[in-house]
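Below, each chain spelled out in residue letters.
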Amino acid sequence: MASQPDAPRIPRYQQVKQELIAAIEAGRFSPEVPFVTQRKICEDYGVSHATAVRALNDLVAEGYVVRRRGLGTFVAPRTPHRPAAGDGSVACVLQNHGPHVANLLGGVESACAELGYRLFLNHCEGDADREERALLAALDHGVSGIIAYAGPRSSAGRGYAEAQRRGVPLVLVDRYLPDIATDAVLVDNFSAGHDLTGELIASGHSVIATLWDETEVTSVRDRLAGHLEALRRHGIPARPDLTVLRPYSTLEPDQRRARLAELLRGPQPPSVLLCANGYVLASAAQDLVAMGFDIPGDVDLAGMDDAGPFDVLPLTVAAVSLPSREMGERAMRLLDRRITAAEANATPERIVLPVTVNARRFSRAHLRVVATKE
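If you're wondering where the values come from, they're calculated on a predicted model, not measured in any experiment. Once a new chain begins, its residue numbering starts again from 1 and follows that chain's sequence as written. Selection of residues for local features in this predicted model requires a pLDDT of at least 70, selection of side-chain atom pairs for listing and counting requires 80 or more, and totals for whole chains, interfaces and linings are taken over all residues. The side-chain figures draw on all heavy atoms in the structure; neither hydrogens nor water molecules are used.

### Observations concerning the nonpolar core
Selection rule: By nonpolar core is meant a set of buried Ala, Val, Leu, Ile, Met, Phe, Trp, Tyr and Cys residues that side-chain atoms within 4.5 Å join together. Here the term buried applies to any residue with accessible area under 20% of the maximum for its type, exposed to any over 50%, and partly exposed to those in between, with areas from a 1.4 Å probe on protein chains only. Numbering goes from the N terminus for both helices and strands, where a helix is a DSSP run of H or I of at least four residues and a strand is a run of E of at least two. Residues count as neighbours in contact if any of their non-hydrogen atoms are within 4.5 Å of one another.
Counting 67 residues, the largest nonpolar core has Leu211, Leu288, Leu301 and Met332 as the members making the most contacts within it. No other element matches helix H4 (residues 99–115), which puts 7 residues into this core. When residues no more than four places from it in sequence are discounted, the contact partners of leucine 301 are Val272, Leu273, Cys275, Leu281, Ala284, Ala285, Leu288, Ile295, Leu315, Thr316, Val317 and Ala318. The next biggest cluster of nonpolar side chains, apart from the first, holds 22 residues, and it includes Leu136, Ala163, Tyr176 and Leu186.

Written out as C-alpha cells, the structure reads:
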C-alpha cells in the first residue's frame with residue numbers, strides 16, 4: 001500500500017479565519033477595542049480584500065465578532081448563556097452513521113456545549129416514519145429548537161409542519177426540503193458536481209459515468225446539475241446512459257456488477273466512475289475487483305464526497321471533502337440565534353459552505369488495487 005496523499009488544501013479564507021479564532025480564544029483581542037480591520041488582515045496575511053471580507057463575515061455569522069454601527073467590529077463577549085425559550089434543550093435528528101454524520105454531530109455538540117444547551121439525539125436510519133416520530137417527540141418534550149438531517153423520503157409532513165405551526169426554530173443540514181421554507185446549512189453541492197467533473201476532464205477523462213445512492217434528495221440533484229453543467233461548458237455531450245439518476249449501492253451485488261459490465265464492456269466505455277459518495281465508491285471498488293478490473297489502470301474512481309466506510313481519497317483520481325464539522329457548528333449557531341433573538345418567524349436563511357476538491361495529480365502517492373487474475 002502506498003503512503004497517504006497530502007492533506008486536503010484548505011481555502012485561504014478558512015486558514016485566516018482559524019488563525020483569527022485562535023487569537024480571539026487566546027485573549028489577544030479585547031471586546032472593548034475595535035477588532036482587526038479588513039485592510040490589516042490583507043496586510044498581515046497577504047490576502048485579497050475578498051478573502052478578508054469572507055473571513056470576517058464568517059466570524060460574524062459564527063458569533064466570534066459583532067459589528068456596531070458607526071463604531072466598527074468588536075470581539076463578542078464569550079460568556080456562556082442559557083437559552084431564552086423552551087426548556088434549554090435542542091433535538092438533533094440524523095440519518096445513519098459514518099464519518100460525515102459523526103463529524104457533523106461533533107460540530108453540533110461542540111456548539112451546544114459552548115452555548116449551554118442540552119442535546120437530544122435521534123438516528124433514524126433513513127426511515128421516514130422514525131423521522132416523523134422523532135420530530136413529534138422532540139416537540140412534545142418542549143425543546144427550544146431542532147436540527148434535522150432529512151432522510152431520502154422526507155417531505156413537509158406532520159413533523160416538520162407541526163414544528164412550524166408551533167413556532168419552534170428548525171434548521172436543516174446537508175440537504176433542504178423543496179416543499180418547506182426553513183433555515184438550512186448546506187454544502188455547495190452544485191460545485192461538488194461541477195468542480196469535480198472539471199478536475200476529471202483536466203486529468204484526461206472525457207467519458208464519465210455516474211453511480212448513485214439516494215436519488216430523491218436535493219443534494220444529489222444539485223450534484224448532478226453541476227456535473228451536467230461542467231460537461232456542457234467543456235463541450236462534452238451528456239450521454240443518458242452515463243448520467244441516468246438511478247440507485248446503484250442499494251442493488252444486490254450481482255445486479256451492481258451487471259450494471260458495471262453494461263457500462264465498461266460497451267462500445268464507448270467510461271474511463272472513470274463518478275460515485276455519489278464514499279459508500280457508493282466502496283461498493284464499486286469491491287465490485288470492480290471481483291470482476292477482474294484494476295483501479296486505476298482499467299478504470300478510475302472519483303467521489304462527490306468523502307463520506308464512506310473508510311478513507312476513500314487514496315483510491316480516487318479526485319474526490320470532494322465536505323466541511324462536515326463546520327456544517328454542524330454553523331447550524332447550531334443559527335438555531336441559537338433564532339431561539340435567543342426570538343427570530344423563529346424571520347425570513348429563512350440558507351448558508352452554503354464551500355467544498356474542497358482533492359486530486360491525485362497533486363498528491364505524492366496513491367493507492368492501487370489490482371484484481372487477482374485467474
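### Quick notes on the packing of helix H1 (residues 12–25) against helix H3 (residues 49–61)
Worth spelling out the cut-off: To get an axis, a line is fitted to the C-alpha atoms, and for a helix only the part in contact is used. The angle between two axes follows their N-to-C directions and goes from 0 to 180 degrees. In what follows, roughly perpendicular refers to angles from 65 to 115 degrees, roughly parallel to angles under 35, roughly antiparallel to angles over 145, and oblique to any angle outside these ranges. Working rule for handedness: look at the near helix, and if it is turned counterclockwise from the far one by less than a right angle, call the crossing left-handed; if clockwise, right-handed.
At a minimum axis separation of 9 Å, H1 and H3 run at an interaxial angle of 50 degrees. Our classification of the angle between H1 and H3 gives oblique. Along this stretch, H1 crosses H3, giving a crossing that reads as right-handed. Each of Arg12, Tyr13, Val16, Lys17, Leu20 and Ile21 in H1 lies in contact with H3, whose residues at this interface are Thr51, Arg54, Ala55, Asp58 and Leu59.

### Let's talk about the packing of aromatic side chains
Convention followed: Centres within 6.5 Å make a pair out of two Phe, Tyr or Trp rings, where for Trp the six-membered ring is used; the pair is then stacked when the planes are under 30 degrees apart, edge-to-face when over 60, and tilted otherwise. Only lysine NZ and arginine CZ atoms are considered, and such an atom sits over a ring when it is within 6 Å of the ring centre and within 35 degrees of the ring normal.
Under the criterion given, the structure shown has 1 aromatic pair. The ring of phenylalanine 74 carries the charged tip of arginine 68 above its face, separated from the ring centre by 4.4 Å. The side chain of arginine 333 reaches across the aromatic face of tyrosine 64, ending 5.4 Å from its centre.

### Focus: the sheet that holds strand E11 (residues 318–321)
As a reminder, the rule being used: The rule for pairing is simple: two strands pair if DSSP sees at least two bridges between them.
In space, the 5 strands of this open sheet follow the order E8-E9-E10-E11-E13, with mixed pairing throughout. Both edges of this open sheet fall to strand E8 (208–211) and strand E13 (356–359), since each of them pairs with a single strand only. For this sheet, the mean angle separating the axes of adjacent strands, direction not counted, is 25 degrees. Judged from the 4 bridges that link them, strand E9 (residues 272–275) and strand E10 (residues 300–303) form a sheet pairing that is parallel. Note that in E10 the partner of leucine 273 across the bridge is leucine 301. This element, helix H10 (residues 253–264), spans E8 and E9 of the sheet and lies at about 165 degrees to E8.

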